[in-house]
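In case you want the letters, here they are:
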Amino acid sequence: MAFFSVVISVLNQVATLTDSLASLYQQTYRDFEVIAVDGGSTDGSYQLLEQHAGKGRLRLYRQDEGGAQEARNFGAEQARAAWLVFFDADSILLFDHLSRLADAIGKHADIELFVNAYQQMEGHRRLPRTASLPSGVTTRREALAAIAQHDFIHTGATCIRRGRFLALGGFPLGGLRDDGDIYFWLKVLCELAAIHYDNTVTCLWLSDDRNGNRDAGEPAPPRSDAEWLAQCSARLSWREARYLRATINRKVLARAARKKRLGLSVKAELAAISLSGLGLSHCARVAVLMLPQSCYERYRK
């Protein structure tokens, strides 16, 4: 049985898929299986995956309905290893990604979530990294404080024990589909007393401007976050719960900004802001988002 199950979800990403798979096959740590789940690609991605499956490099499944979250959840169910590594078809793994995860797991048998540092790419240029955590075991409070400031967790740079992933129900669907990645990782952080973080970049994420507005024009999802927040906050200290709410505020405001730039209403997002997690920087952003569209456009110029 493999040590890692690498789960990759694919949907019309033939332009980056070849390089992404090559970076996976070039890992120095070799004890892993690859599970690819195609979401109904029409650009040749599925045919490319079929070629790799025919050579025994991966197990291939096809789901014509659903998105990346459903694909990842399905892939996790098919996995045979004890550890899940999620990988995206728009990412490149450096040669030591899996080896660093394996080394960390060997040293910290009680940890169930391992996170490696990532860096966004724009073309062939690496974008500047935001301040991050030091390498090593990170407490829940430290992790929540960090993620309230920036997304130090990128799904394509994570490794989680399969049993824990399945017990938590996998990536959220339905009302929490938008930003489902971050909602799931927040849930994990609330569940675990500590995680392991490696500040060495081993994952390069291709930045795509098309992703910035992928959900901006869609109606706001049903408000299921209140119940979700109550469940996740139950075991947290007051300060940890505040960090959790601040993180959600940050994500809601980011979505609102995308919509505002398109001239769409942001009433639903502003109504979803948690006052108990509102910081000074959030207040300033809320004030800007409340400007009439004409004033907002002048402000942006």
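Rules and cut-offs
- Residues numbered from 1 in each chain as written.
- Predicted model: local features only at pLDDT ≥ 70, side-chain atom pairs only at ≥ 80, totals over all residues.
- Heavy atoms only, no water.
- pLDDT = per-residue confidence, 0-100.
- Contact = heavy atoms within 4.5 Å.
- Phe/Tyr/Trp six-rings, centres within 6.5 Å; stacked < 30°, edge-to-face > 60°.
- Buried < 20%, exposed > 50% of the residue type's maximum accessible area, 1.4 Å probe, protein only.
- Lys NZ or Arg CZ within 6 Å of the ring centre and 35° of its normal.
- Salt bridge = Lys/Arg side-chain N within 4 Å of Asp/Glu carboxyl O.
- Helix = DSSP H or I, 4+ residues; strand = E, 2+ residues; numbered from the N terminus.
- Axes fitted to C-alpha atoms, helices over the stretch in contact; angles between N-to-C directions.
- Parallel < 35°, antiparallel > 145°, perpendicular 65-115°, else oblique.
- Nonpolar A, V, L, I, M, F, W, Y, C, P; charged D, E, K, R; others polar.
- Core = buried A, V, L, I, M, F, W, Y, C linked by side-chain atoms within 4.5 Å.
- Expected span 1.5 Å × (residues − 1).

Undergrad: Whenever I open this one, the confidence of the model for the chain confuses me. Can you help?
TA: Keep in mind that low pLDDT regions are not for reading the predicted coordinates in detail. Of all residues in the chain, 90% attain a pLDDT of 70 or more, and the chain-wide mean is 88. Counted against residues more than four places away or in other chains, residues 209-224, with its pLDDT under 50, gives 28 contacts.

Undergrad: I tried to follow the packing of aromatic side chains on my own but got confused; where do I start?
TA: Here a ring pair, both rings aromatic, is described through the centre-centre distance and the interplanar angle of the planes. This structure, assessed with the given rule, holds 14 aromatic pairs. Between Phe-165 and Phe-171 the ring centres are 5.5 Å apart and the planes differ by 65°, which places this aromatic pair in the edge-to-face class. Looking at Phe-165, the relative accessible area reads 1%, which means it is buried. One aromatic cluster is present, formed by Phe-86, Phe-165, Phe-171, Phe-184 and Trp-185 through successive ring pairs. Residue placement shows Arg-72 over the ring face of Phe-171; its charged tip is 5.4 Å from the ring centre.

Undergrad: Explanation requested: the pattern of salt bridges in the structure shown.
TA: One side chain can pair with another of opposite charge once the charged atoms of both are near each other. A complete count under the given rule lists 17 salt bridges for this structure. The salt bridge partner of Glu-112 is Arg-164, with a shortest N-O separation of 2.7 Å. Here Arg-164 lies in helix α6 (residues 162-167) and Glu-112 lies in the loop between α4 (97-107) and β6 (113-122), a separation of 52 residues in the sequence. The exposure class assigned to Glu-112 is buried, which follows from its relative accessible area of 17%. Judged by its relative accessible area of 23%, Arg-164 falls in the partly exposed class. Of the charged contacts, one joins Glu-191 and Arg-164 as a salt bridge, the two residues approaching to 3.7 Å between their closest N and O atoms.

Undergrad: Hey, could you run me through the packing of helix α10 (residues 238-261) against helix α13 (residues 293-300) in this one?
TA: A pair of packed helices can be characterised by two numbers: the angle between their axes and the separation between those axes. Contact geometry of α10 with α13 gives a least axis separation of 11 Å together with a crossing angle of 100°. Classed by the angle they form, the pair α10 and α13 counts as roughly perpendicular. Residues Ala-257, Lys-260 and Arg-261 of α10 pack against Gln-293, Tyr-296, Glu-297 and Arg-300 of α13. Classifying every residue of the contact of α10 with α13 gives two nonpolar, one polar and four charged.

Undergrad: Any chance you could explain the environment of Gly-163 here in plain terms?
TA: Among the secondary structure elements, Gly-163 is positioned in helix α6. Through-space distance from the C-alpha of Gly-163 to that of Ala-71 is 18 Å; in sequence the pair is 92 residues apart.

Undergrad: So what exactly am I meant to see when it comes to the nonpolar core here?
TA: Soluble, globular proteins show a tendency: their nonpolar side chains are buried together. Counting residues in hydrophobic clusters, the biggest one holds 50 residues, and the most contacted among them are Leu-113, Phe-152, Ile-160 and Trp-185. By residue number, the principal contributor to this core is helix α7 (residues 180-191), which donates eight residues. With sequence-adjacent residues up to four places away left out, Phe-152 is seen in contact with Val-115, Tyr-118, Ser-132, Leu-133, Ala-143, Ala-146, Ile-147, Ile-195 and Tyr-197. Core analysis: the next-biggest nonpolar cluster, separate from the first, contains 30 residues, Ala-36, Leu-48, Val-85 and Leu-101 among them.

Undergrad: Honestly, the environment of Leu-289 in this entry has me stumped. Any pointers?
TA: Tracing the sequence through the fold places Leu-289 in helix α12 (residues 280-289). A C-alpha to C-alpha distance of 41 Å links Leu-289 and Arg-62, two positions 227 residues apart in sequence. With residues up to four places along the chain from it excluded, the contact list for Leu-289 reads Leu-253, Ala-256, Ala-257, Lys-260, Val-266 and Leu-270.

Undergrad: I keep staring at unusual backbone geometry and nothing clicks. Help me out?
TA: Across the chain, the bulk of peptide bonds are trans and the bulk of non-glycine residues have phi less than zero. One non-glycine residue, Asn-12, lies in positive phi territory at about 50°. Secondary-structure assignment places Asn-12 in the loop between β1 (4-10) and α1 (14-25). By relative accessible area, Asn-12 is classed as partly exposed at 37%.

Undergrad: Help me out: how do you make sense of α1 in this one?
TA: An α-helical segment advances 3.6 residues per turn. Residues three or four places apart therefore align on the same side. Relative to the 16 Å expected for twelve residues at 1.5 Å per residue, α1 spans 17 Å between its end C-alpha atoms, a close match to the ideal helical length. Along α1, the residues classified as buried are Thr-16, Leu-17, Ser-20, Leu-21, Ser-23, Leu-24 and Tyr-25. In this structure, the buried residues of α1 make contact with β1, β2 (32-38), α2 (45-54), β4 (83-88), β5 (91-93) and β10 (194-206).

Undergrad: Before we go on, may I ask you to explain the environment of Leu-204 in this structure?
TA: Tracing the sequence through the fold places Leu-204 in strand β10. When its relative accessible area of 11% is taken as the criterion, Leu-204 is described as buried. In sequence terms Leu-204 and Tyr-118 are 86 residues apart; their C-alpha atoms lie 5.7 Å from each other. Leaving out residues up to four positions away in the same chain, Leu-204 has contacts with Asp-90, Ser-91, Ile-92, Leu-94, Gln-119, Met-121 and Arg-126.

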